[in-house]
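Descriptive analysis of the structure
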Number of protein chains: 4
Amino acid sequence: MSAIDINCDMGESFGPYRLGADPEIMPLISSANIACGFHAGDPQVMRETVSLAARHGVAVGAHPGFPDLQGFGRRNMALSPEEVEALIIYQIGALGAFAQAQGLRLQHVKPHGALYNMAARDPTLAEAIARAVRAVDPRLILFVLPGSEMEAAAKRLGVPFACELFADRNYQPDGTLTPRSDPRALIRDAREAAARAVQMVKEKKIRAVDDSLIPAEGQTLCVHGDTPGATEFARHIRRRFQEEGIQVLPVARILGLSG
Amino acid sequence: MSAIDINCDMGESFGPYRLGADPEIMPLISSANIACGFHAGDPQVMRETVSLAARHGVAVGAHPGFPDLQGFGRRNMALSPEEVEALIIYQIGALGAFAQAQGLRLQHVKPHGALYNMAARDPTLAEAIARAVRAVDPRLILFVLPGSEMEAAAKRLGVPFACELFADRNYQPDGTLTPRSDPRALIRDAREAAARAVQMVKEKKIRAVDDSLIPAEGQTLCVHGDTPGATEFARHIRRRFQEEGIQVLPVARILGLSG
Amino acid sequence: MSAIDINCDMGESFGPYRLGADPEIMPLISSANIACGFHAGDPQVMRETVSLAARHGVAVGAHPGFPDLQGFGRRNMALSPEEVEALIIYQIGALGAFAQAQGLRLQHVKPHGALYNMAARDPTLAEAIARAVRAVDPRLILFVLPGSEMEAAAKRLGVPFACELFADRNYQPDGTLTPRSDPRALIRDAREAAARAVQMVKEKKIRAVDDSLIPAEGQTLCVHGDTPGATEFARHIRRRFQEEGIQVLPVARILGLSG
Amino acid sequence: MSAIDINCDMGESFGPYRLGADPEIMPLISSANIACGFHAGDPQVMRETVSLAARHGVAVGAHPGFPDLQGFGRRNMALSPEEVEALIIYQIGALGAFAQAQGLRLQHVKPHGALYNMAARDPTLAEAIARAVRAVDPRLILFVLPGSEMEAAAKRLGVPFACELFADRNYQPDGTLTPRSDPRALIRDAREAAARAVQMVKEKKIRAVDDSLIPAEGQTLCVHGDTPGATEFARHIRRRFQEEGIQVLPVARILGLSG
């Protein structure tokens, strides 16, 4: 029987500001990437989000980002590997304490936004992240873009990792994501995206922009929570997975690790 | 044989800004209260400070404060107990991750500045802090002002605590600290302060402003790191303790707890 | 013919976070209190909000607050008068530059949230604010709660001021606002609030909680932009004002000052 | 008679943190670049720094930077031109209000750190800065690196500008600064630097790293305030200028503009 993890960014509200649809989406996913107060989130939001995840049996992970609340962590920042290492350790620890306070343990770490994208291409940055994750807890699973420098760094350093698939993004023939500058980058139709998700899980293949079938192997599927229709999108994927007999499980169980 | 812990606020630098004399003072103390990035400190400073403490065998503790870098956490802020609880959990976790990354465990928590002072008088705030500390790790030792609401809250909630003594502060006949508005508040002479510290440890008594001898029982002695002459002050106390056969040990050992 | 100013807090979004219904409410008001980046707002939001106000002929004013984005400037902070004076000057200047860049001049200053409430009761804080406003531009109109220390300070220092009325709040017999802890504090019915607004403008009287008629003299009426139904509320008041022949004008014109 | 402006970064302290030697250096310069609270500085520091400059007859200018206090504005950030434009307007306005409160007017704007360096190479960023400066006050003088995109943008947009010379930096044969990665980048000897400054002012030439004499025309000379020996360095240059009959004047007077 096939199985896959569904992850989603959560806990991106801050103070008086609400973002996302956490209460609606949480029941539909198996792993929550929770913002840690740098690019989004604050201590109370983190606490409530961990609690919401716990009530739905969703595994919790840290979603560390650049210290750039105004830019939502989406603006590239030229930080040294030492700076990145330290801010990753800090954010994992901060979120980990809320998990601990509720009798939970963090399952995974997924860098956010510009940090994720920069580290996918920069081996030094990728190693800094992998080192930080390992230093705090060697059981933490790092979410990586397949074929990226992040995956390579996780392998080199012996950090457990999960490859991430995107149901609502198009792929290039070489397996990288179609850049957002290309009008074909996003799959906006929920049915089409769900069909692609099923194909990725069952056949471990995906149709690229040039119509070729390319390998797409991953253990966790990313859904976006801050787009209009995000909840409907997630519901549709869950329904299709059920019809196809695909189980949705936290990634630690997919990987056979003790979450 | 008598023994006492010496604690000092550490890691209060931030980005390009240096504060305190950490490298000079660290070898002279047994417990470091390390700022956690809210009122002072940043991820790299925290990392280096934990590392410095480790090299000197000094026990590390979290020194959480209000989210007020400009005011250095010294300005009262009207936060709800839930807000305080969450920001304490956050800051303990953030520092704890740096300890964990170096194979250490946090020994204690000492709230900083306005938060310490407000919680000493406010039972609701004091309980919020004690709850937060217990939630993250029930072995953490909370530093309290003797006779304060913080001590009462720690007792009520069963949180291990250590009473804090001040060598460079005068006391009122009722055992509270002489307010800073009183010109006699501070003991500026290092010899006198050291003599008072010895008396507190050996006789568990201290001479109050009215010249009466009052009880002064505590397990940890606070020295200040950011005043001119702080290092000399600490050196003098250490010398006097040695002459008097007073051992300086991390507070967990004084209390017979596994630090 | 009667006339009144209608003011509303605007520009409270931040980075990726949206708050309020600025585009809907702007056409319905005559003075915009624009957040300045401390409790809410950021440089781009400020710029767009000034531009939106300009397009609708709405006078712009600074809405300075405590440096507390997470608490939205609603948490009391114990700042010194010097600190408050400096942060008011800073925020007025920052917003003023966006006005200047669009060929406008600031009309007024309305302190936000906890700062407004604390200064209403604290003469030293109130004077600090009045001094700051006068220092930047002596033509700026300070919005004050009638009968408050803010009004007294504005009078003492010769700072032009406008008294603020609240259509959706109940009043005590002594003219102060019914505290929010009292269930009667808020007028939730738009018709009732509009009727009260008309009465305040035309009769300069308002019915207090004990049913007595008390004086209510002011030049600017505050409407809230961040409550559900805020736009409908403002529309209803505008309609009633039109029916009653009450003109809505920026407060500088009401006061006969060159805005 | 020759004349030159001497500028220095000032007001880089923050909250409890001190940086630089403002009181010693202020009497030695003619233009102060004052931090505006984003990469350094806070409202009170800005106020005191403007006041210190006023007491010494030093012209004040805004020194806007990236919103990155921890990185001191020295880390590249990928901001859009619109974001940069808005944050420049904001920071000029904030500082301008302190000048206005003391009866002064800003003379100039010098972008800080990474923003200065990025804009020197990026025409879009450079134009955003020039547009922002012009929008707030078309009389403001923009400090530019000679030959940079900043100079080109100022020319294109008709923004008054001053070319900046560096006494303690080496130059490449093409007139650009020798990169800091080159061991010859910095002139560490105060005598040599002073001699170079004199040559730049009197002969409008400087000896490049390859020993060739290249043109070096500028109206303002930058001295650094945060390096050890900065005060001695500035004193030495002043002494040499006096011996050579070189007047030190605010740049607006050098350019014949009404400062």
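For clarity, every value in this text was computed on a predicted model and none was experimentally measured. (Residues numbered from 1 in each chain as written. Chains lettered and ligands numbered in written order. Predicted model: local features only at pLDDT ≥ 70, side-chain atom pairs only at ≥ 80, totals over all residues. Heavy atoms only, no water.)

**Observations concerning the overall build of chain A**
Helix and strand counts for chain A come out as 9 helices and 10 strands. Computed over its C-alpha atoms, the radius of gyration of chain A comes to 17 Å, within 12% of the 18 Å expected for a compact globule of 259 residues. Counting over 259 residues, chain A shows a buried share of 60%. Taking all contacts inside chain A whose residues are at least 6 apart in sequence as the whole, residues at least 24 apart take part in 72%. When the accessible surface of chain A is split by element, carbon and sulfur atoms take 48% of a total near 9,700 Å². Of the charged side chains in chain A, 28 are positive and 30 negative, and the gap between their average positions amounts to 4 Å. (Helix = DSSP H or I, 4+ residues; strand = E, 2+ residues; numbered from the N terminus. Rg over C-alpha atoms; globule rule 2.2 N^0.38 Å. Buried < 20%, exposed > 50% of the residue type's maximum accessible area, 1.4 Å probe, protein only. Contact = heavy atoms within 4.5 Å. Areas by Shrake-Rupley, 256 points an atom, 1.4 Å probe, with all protein chains shown as cover. Lys, Arg positive; Asp, Glu negative; His and termini not counted. Charge placed at Lys NZ, Arg CZ, Asp CG, Glu CD.)

**Quick notes on the relation of the copies chain D and chain C**
With an axial shift of 0.0 Å and an RMSD of 0.0 Å, the rotation relating chain D to chain C amounts to 180°. The two molecules are tied by a two-fold rotation axis, judged by turn and shift. (Least-squares fit on C-alpha atoms with pLDDT ≥ 70 in both.)

**Examining the packing of aromatic side chains**
Going through the model one piece at a time under the given rule, you end up with 8 aromatic pairs over all chains. Through a chain of ring-to-ring contacts, three or more aromatic side chains come together here, namely F38 and Y90 of chain A together with F38 and Y90 of chain B. Here K110 of chain C stacks its cationic end above the ring of Y116 of chain C, 5.8 Å away from the centre of that ring. (Phe/Tyr/Trp six-rings, centres within 6.5 Å; stacked < 30°, edge-to-face > 60°. Lys NZ or Arg CZ within 6 Å of the ring centre and 35° of its normal.)

**Describing the packing of helix α5 (residues 123-136) of chain B against helix α6 (residues 149-157) of chain B**
Residues and elements named next belong to chain B. In contact at an axis separation of 8 Å, α5 and α6 are set at 50° when each is read in the N-to-C sense. As the angle between them shows, α5 and α6 are arranged oblique. When the axes of α5 and α6 are compared, the crossing they make is right-handed. Only E149, M150, A153, A154, R156 and L157 of α6 make contact with α5, whose side of the interface consists of P123, A126, E127, I129, A130, R131 and R134. Class assignment for the residues of the contact of α5 with α6 results in 8 nonpolar, no polar and 5 charged. (Axes fitted to C-alpha atoms, helices over the stretch in contact; angles between N-to-C directions. Parallel < 35°, antiparallel > 145°, perpendicular 65-115°, else oblique. Left-handed = near helix turned anticlockwise from the far one by under 90°. Nonpolar A, V, L, I, M, F, W, Y, C, P; charged D, E, K, R; others polar.)

**Observations concerning the environment of Q91 of chain B**
All names here are of chain B. With respect to the element layout, Q91 can be found in helix α3 (residues 81-101). Residue classification places Q91 among the buried residues on the basis of a relative accessible area of 0%. Spatially, the C-alpha atom of Q91 lies 7.9 Å from that of F38, the residues being 53 residues apart in sequence. Non-local contacts of Q91, meaning those with residues more than four positions away in its chain, are made with C36, F38, P64 and G65.

**Looking at the nonpolar core**
F241 of chain A, F241 of chain B, F241 of chain C together with F241 of chain D are the most contacted members of the largest nonpolar core, which totals 336 residues. If we skip the residues at most four places from it in the chain, F241 of chain D touches I4, I6, A197, V198, V201, L221, I246 and V248 of chain D. (Core = buried A, V, L, I, M, F, W, Y, C linked by side-chain atoms within 4.5 Å.)

**Section: the packing of helix α3 (residues 81-101) of chain C against helix α5 (residues 123-136) of chain C**
For any two helices packed against each other, one specifies the crossing angle of their axes together with the interaxial distance. Residues and elements named next belong to chain C. Look at α3 against α5: their axes get within 8 Å of each other, and the N-to-C directions meet at 35°. Crossing hand, α3 versus α5: right-handed. Across the interface between the two elements, P81, V84, E85, I88, I89 and I92 from α3 touch T124, L125, A128, I129, R131, A132, V133 and V136 from α5. Looking at side-chain class alone, the contact of α3 with α5 contains 11 nonpolar, 1 polar and 2 charged residues.

**Re the confidence of the model for chain A**
Do not read the predicted coordinates in detail wherever pLDDT is low. Averaged over every residue, the pLDDT of chain A is 95; the share at 70 or more is 100%. Scored as a whole, the predicted complex attains pTM 0.97, and scored at its interfaces, ipTM 0.96. (pLDDT = per-residue confidence, 0-100.)

**A word on the pattern of salt bridges**
Following the criterion strictly, the structure yields 60 salt bridges over all chains and no others. The salt bridge involving E164 of chain C is made with K110 of chain C; its shortest N-O contact spans 2.5 Å. Of this pair, E164 of chain C sits in strand β6 (residues 161-166) while K110 of chain C sits in the loop between β4 (108-109) and α4 (113-121); the two residues are 54 residues apart in sequence, bridging distant segments of the chain. By the burial criterion, E164 of chain C is buried, and K110 of chain C matches it. Through salt bridges with shared partners, a single ionic network connects R47 of chain A together with E85, E127, R131 and R156 of chain B. (Salt bridge = Lys/Arg side-chain N within 4 Å of Asp/Glu carboxyl O.)

**Considering empty space enclosed by the protein**
Following the criterion strictly, the structure yields 6 cavities of 30 Å³ or more and no others. By volume, the second largest cavity amounts to about 60 Å³. Of the residues assigned to the lining of the second largest cavity, the class counts are 5 nonpolar, 2 polar and 2 charged. (1 Å grid on protein atoms, 1.4 Å probe; cavity = no way out; pocket = protein on both sides within 12 Å on 5 of 7 lines; lining within 4 Å. Points joined across faces, edges and corners; volume = space filled by probe spheres on them.)

**Focus on the relation of the copies chain A and chain B**
After a rotation of 180° and a shift along the axis of 0.0 Å, chain A superposes on chain B with an RMSD of 0.1 Å. Counting the interface residues of chain A, we find that 100% of their copies in chain B are interface residues as well, pointing to one common contact surface.

**Some points on the environment of L145 of chain B**
All names here are of chain B. Mapped onto the fold, L145 is located in the loop between β5 (141-144) and α6. Taking C-alpha positions, L145 is 9.8 Å from A119, a pair spaced 26 residues apart along the chain. With near-sequence residues (within four places) excluded, L145 lies in contact with Y116, A120, E151, F166 and L177.

**Thoughts on the side chain of D9 of chain D**
Residue and element names in this part refer to chain D. Inspection of the secondary structure puts D9 in strand β1 (residues 3-10). Within the buried set, D9 has no salt-bridge partner at all; the shortest N-O distance to an opposite charge, 4.0 Å, is to K110. A polar side-chain atom of D9 sits 3.0 Å from a polar atom in the side chain of N33. Among the polar contacts made by the side chain of D9, one reaches the side chain of H63 at a distance of 3.2 Å. (Polar contact = N/O pair within 3.5 Å; in protein donor to acceptor, adjacent residues only side chain to side chain.)

**Here we look at the interface of chain A and chain B**
Between chain A and chain B, the contact holds 22 residues from the first and 22 residues from the second. For the pair chain A and chain B, the two sides together bury roughly 1,900 Å², of which 65% comes from carbon and sulfur. The interface formed by chain A and chain B includes 2 salt bridges. Close ionic contact of E85 of chain A with R47 of chain B constitutes a salt bridge, the shortest N to O distance being 2.7 Å. Joining chain A to chain B, the criterion identifies 6 residue pairs in polar contact (both at pLDDT 80 or more). Those elements giving two or more residues to the side of chain A that touches chain B turn out to be α2 (43-55), α3 (81-101) and α5 (123-136) of chain A. With 13 residues, α3 of chain A is the single largest residue contributor to the side of chain A that touches chain B. Class assignment for the residues of the side of chain A that touches chain B results in 14 nonpolar, 4 polar and 4 charged. (Buried area = accessible area lost by both parts, 1.4 Å probe.)

**Concerning the interface of chain D and chain C**
At the junction of the two partners, chain D supplies 22 residues and chain C supplies 22 residues. Roughly 1,900 Å² of surface becomes buried between chain D and chain C when both sides are summed, with 65% attributable to carbon and sulfur atoms. When the area that chain D buries against chain C is broken down by residue, the three leading residues are Q44, R47 and Y90 of chain D, summing to 30%. The tally of links from chain D across to chain C stands at 2 salt bridges. Per-element accounting of the side of chain D that touches chain C gives the leading share, 13 residues, to helix α3 (residues 81-101) of chain D. Broken down by class, the residue content of the side of chain D that touches chain C amounts to 14 nonpolar, 4 polar and 4 charged.

**Focus: helix α7 (residues 190-203) of chain D**
All names here are of chain D. Helix length check: α7 (14 residues) gives 19 Å between terminal C-alpha atoms against 20 Å at 1.5 Å per residue, within 8%. Those residues of α7 that are buried are in contact with β1, β6 (161-166), β7 (205-207), β8 (213-215), β9 (220-223) and α8 (230-243). K204, located one to two residues past α7, shows a positive phi value of around 55°. (Expected span 1.5 Å × (residues − 1).)

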